[in-house]
Amino acid sequence: MTKHIVLGGRGFIGRHVALLLARRGDSVKLLDRAAGPAIPEFEGLDARFIEADITASDWYDHVADCEVIHHYAWSTVPATANADPLRDLDQNVRSTLGLLEALRTMPHKTIIFASSGGTVYGRLKQSPVLETHPLQPTTAYGVSKLSVERYLGYYRSLYGMDCRIARIANPYGAGQNPHGNQGAASAFLFKAMAGEPIDIWGDGAVVRDYIHISDLAQGLARLTDAGLQSRPDMPIFNLGSGQGVSLNDIVAELRRQLDKPITVHHQPGRSFDIPVSVLDISLAVDQLAWRPRLDLAAGYRRTIADLQAGRNLISLLD
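Residues numbered from 1 in each chain as written. Predicted model: local features only at pLDDT ≥ 70, side-chain atom pairs only at ≥ 80, totals over all residues. Heavy atoms only, no water.

Engineer: Can you walk me through helix H1 (residues 12-23) in this structure?
Structural biologist: Because an α-helix completes one turn every 3.6 residues, residues spaced three or four positions apart along the sequence face the same direction. Relative to the 16 Å expected for 12 residues at 1.5 Å per residue, H1 spans 17 Å between its end C-alpha atoms, a close match to the ideal helical length. H1 sits mainly inside the fold: 11 of its 12 residues count as buried. Within H1, the full set of buried residues consists of Phe12, Ile13, Gly14, Arg15, His16, Val17, Ala18, Leu19, Leu20, Leu21 and Ala22. At its buried positions, H1 is contacted by strand E1 (3-7), strand E2 (27-32), strand E4 (68-71), strand E6 (162-168), strand E7 (170-172) and helix H7 (213-225). Phi for glycine 25, located one or two positions after H1, is positive at around 110 degrees. (Helix = DSSP H or I, 4+ residues; strand = E, 2+ residues; numbered from the N terminus. Expected span 1.5 Å × (residues − 1). Buried < 20%, exposed > 50% of the residue type's maximum accessible area, 1.4 Å probe, protein only. Contact = heavy atoms within 4.5 Å.)

Engineer: What is the right way to look at the pattern of salt bridges in this model?
Structural biologist: Side-chain pairs of opposite charge can arise where the charged atoms are in close proximity. Evaluation of the coordinates by the stated rule reveals 13 salt bridges. As a salt-bridge pair, arginine 24 and aspartate 26 come within 3.1 Å of each other at their nearest N and O atoms. We classify aspartate 26 as buried; its relative accessible area is 8%. Close ionic contact of arginine 311 with aspartate 306 constitutes a salt bridge, the shortest N to O distance being 2.7 Å. When salt bridges that share partners are traced, they join Arg24, Asp26 and Asp225 into one network. (Salt bridge = Lys/Arg side-chain N within 4 Å of Asp/Glu carboxyl O.)

Engineer: Can you walk me through helix H5 (residues 140-159) in this structure?
Structural biologist: Taking 1.5 Å per residue, 20 residues should reach 28 Å; H5 reaches 28 Å between its end C-alpha atoms and fits that length. For H5, every residue scored as buried is listed here: Ala140, Tyr141, Gly142, Ser144, Lys145, Leu146, Val148, Glu149, Leu152, Tyr155 and Arg156. Tucked inside the fold, the buried residues of H5 contact helix H3 (78-83), helix H4 (85-103), strand E5 (110-116), E6 and strand E11 (236-239). Positioned one or two residues after H5, glycine 160 has a phi angle of 70 degrees, which is positive.

Engineer: What is the right way to read the pairing of E6 from this model?
Structural biologist: Successive residues of a regular strand alternate their side chains across the two faces of the sheet. Across the seven residues that make up E6, a large majority, seven, are buried. Note: E5 against E6, seven bridges, orientation parallel. When the sheet's bridge partners are listed, isoleucine 111 is paired in E6 with cysteine 163. For E6 and E11, the ladder comprises four bridges, and the chain directions are parallel. Bridge pairing in E11 places isoleucine 168 opposite leucine 239. (Pairing = 2+ DSSP bridges.)

What follows is the structure in structure tokens.
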């Protein structure tokens, strides 16, 4: 049995990864700055919820008894990071440095960091994009995610820490906040199911990589389990579907599956929107023995069924 702590444990990614780990018999602490109601799916499992402000926590007390630290906590999205880069720096980069300072005094720990496959690369010179692509983020969010990647490399090189990075595409599925800032796959679905119009900036040809949360959780678990401690280089893996989907494709799929009219309002295009961002996942397929199972159509069928059944956490046992 492995002991884990999931930072951002009540978040969309954190809850699903924690549930997968606990269901397979591991011990999990879910740390989040926000309190919340009990989550029935965790009843009877070796899982404990902790409320703490991760920007000011005593990291040593929280992580000393854990073998794996999952860092999925992040207080901003691209829009809010751009609006207030100093807040993004203080709440995310600075707090992560506090965590790394605590971890360097404790041997035999593994840290899994959720970076951003959609922002650290910037404008792509090739698509799908490999992990070796130049890193030229065009948003404050991407810059801060990349900054933490660089600090992880520094601590790995200087102190031998077992740091691992997942550059994640756009996850979707049951359990996301319908009023939050998330990728188009989720935002469009929530609006369509509520009968609300969908806003598209530009002509709808912008292409992104969307991954169902069940596939992402499995990929992050494989990254956790892989024997990568002795690798001389930093283990960095793209985790996405490896398939590009346009905004127009999403609307078309929703019309097929919901069988209802969907109103789309086209707004002027935005200069900062990168036309195409798709991840090459061949490295994860080869080295983690992981491959996503659900394309957008299958992922939407599952998500719609979960939402109609009132499920906020999808089953990870099938």
